[in-house]
Amino acid sequence: MKATLVCGSPRRKTGNSAFLLDALACKLEGRAEVELRHAVARPSEENERTAELAAASDALVVAFPLYVDGVPASLYEALERIGERVRAAGAPPRLHLVANNGFYDARQNELAIEMLWLWGDACGLPRGRAVAVGAGEMSQVAPMGHGPSKNLGRAFDRLADDIVAGRGGETVFVEPNFPRFLYRLSAHRMWRKQAKANGLASCDLKRCAPDD
Amino acid sequence: MEGRGRAADRLRAFADCEVGEACTGSEGEAAFAEGFGAGDVLFSATPLVKPCTGCFGCWTRTPGVCVLRDHCTEMPRLMARCETFALVSPLVYGGFSHAVKAVLDRAIGYVQPFFRIVEGEMHHVPRYEGGFRLEAHFYGQSSEPERELARRLVRANAVNYYASAFEVRFHENLGEAKEALR
């Protein structure tokens, strides 16, 4: 069976969405023919090709980071192209979703997932499985399925099985095997480290934008 | 944190217009702008602003200001100065259009990168005191499931952007949405 995995993150290969799709592709090895694509913000040959591949697939997986409770605006163009092609396809692929957010709470991805289900419904795509990954910034700290990513590994095993079996179900919400308060402290440490690298003090991060 | 002591602007972002209408550029904006007051700031979401690249520059490089240069660079600061932030957008699968969402994505410098827990959920720490009233005016054909999703979305946006209040309305077309704003 053929699966097209579309990364909807502007960070492309360096972001968490791409990492999650790479991990998913590993789990699909030997079970599906996988194409990994990156959404481009503006009209492009790349998006046209992605749409062609999606229309010829049995499964379409869209992965994206949560931006302001929704999908990044930069993903819309690719979704439109895909929508046009899959509507015309004889056997549209089943749609699966992977959302990840910077907040710890995986539930905050729920609205974006529902928006994409509505998009998929309008395109005639049967609903598959959605996995919502809280604390997305932690997804790369350990190998999938180990340590803080233990829950994540299990969720992705299930997603891979669902993709191959061509089935859907309730959204799986997964958070790291790591306490929320520690995640918050680690994130704050990361912001301060980035600030320092940019020549700013920690207190500068709180400042208001300067007036004219 | 800075307050909203000075006379605040009313700020609107308006979206790509209905299919067939030439509503981009100064001609469309001028037509839309008729009837608004001197204290109102109209912000056109079209042509598309540069898309957010997820670089965190608005948080850790130039706090509160986007690193991408176009008329959306100052969006977080504009939001800090308004009493009402009104979004006008076609309803697209329960959410905002491409153009309006692109503006919202560029606005996360309005809050700080640091996290806090609000009613059991993680959110960003506010950068500014007080909050604007968030109004979302969606237009075009819509189903009840789409409208219900949009109401939940705007509620979530209001929480994340610390709006003092929010309202969601649905209109037949852009003209009606504009009437509701004035």
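Quantities reported herein were computed from a predicted structural model and do not represent experimental measurements. (Residues numbered from 1 in each chain as written. Chains lettered and ligands numbered in written order. Predicted model: local features only at pLDDT ≥ 70, side-chain atom pairs only at ≥ 80, totals over all residues. Heavy atoms only, no water.)

### Regarding the pattern of salt bridges
All names here are of chain A. Under the counting rule described, the total for this entry stands at 25 salt bridges over all chains. The salt bridge involving Glu46 is made with Arg12; its shortest N-O contact spans 3.1 Å. On the criterion of sequence distance, the pair formed by Glu46 in helix 2 (residues 45–55) and Arg12 in the loop between strand 1 (2–7) and helix 1 (16–28) is long-range, its members being 34 residues apart. Residue classification places Arg12 among the partly exposed positions, given a relative accessible area of 31%. As a salt-bridge pair, Arg81 and Glu48 come within 3.9 Å of each other at their nearest N and O atoms. In this pair, Arg81 sits in helix 3 (residues 76–88) while Glu48 sits in helix 2, placing the two residues 33 residues apart along the sequence. (Salt bridge = Lys/Arg side-chain N within 4 Å of Asp/Glu carboxyl O. Helix = DSSP H or I, 4+ residues; strand = E, 2+ residues; numbered from the N terminus. Buried < 20%, exposed > 50% of the residue type's maximum accessible area, 1.4 Å probe, protein only.)

### Focus on the domain arrangement of chain A
Residues and elements named next belong to chain A. Split by domain assignment, chain A resolves into domain 1 (2–178) and domain 2 (179–212). If you look at the interface, domain 1 gives nine residues, while domain 2 gives five residues. Summing both partners gives a buried area of about 580 Å² for domain 1 against domain 2, and 71% of it is carried by carbon and sulfur. The three residues of domain 1 that bury the most area against domain 2 are Tyr104, Glu137 and Phe178, which together make up 75% of that side's buried surface. Applying the counting criterion to the domain 1 and domain 2 interface returns one salt bridge. Between Arg180 and Asp105 there is a salt bridge whose closest N-O contact spans 3.3 Å. Joining domain 1 to domain 2, the criterion identifies two residue pairs in polar contact (both at pLDDT 80 or more). Grouping the amino acids of the side of domain 1 that touches domain 2 by side-chain chemistry returns five nonpolar, two polar and two charged. (Domains from an automatic or database assignment. Contact = heavy atoms within 4.5 Å. Buried area = accessible area lost by both parts, 1.4 Å probe. Polar contact = N/O pair within 3.5 Å; in protein donor to acceptor, adjacent residues only side chain to side chain. Nonpolar A, V, L, I, M, F, W, Y, C, P; charged D, E, K, R; others polar.)

### Section: helix 6 (residues 174–181) of chain B
Residues and elements named next belong to chain B. Along helix 6, the residues that are buried comprise Leu174, Ala177, Lys178 and Leu181. With its buried residues spanning 100° around the axis, helix 6 presents them on a single face. Where helix 6 starts, the residue carrying a side-chain oxygen 3.2 Å from the main-chain nitrogen of Gly175 turns out to be Asn173. (Arc of directions from axis to C-beta.)

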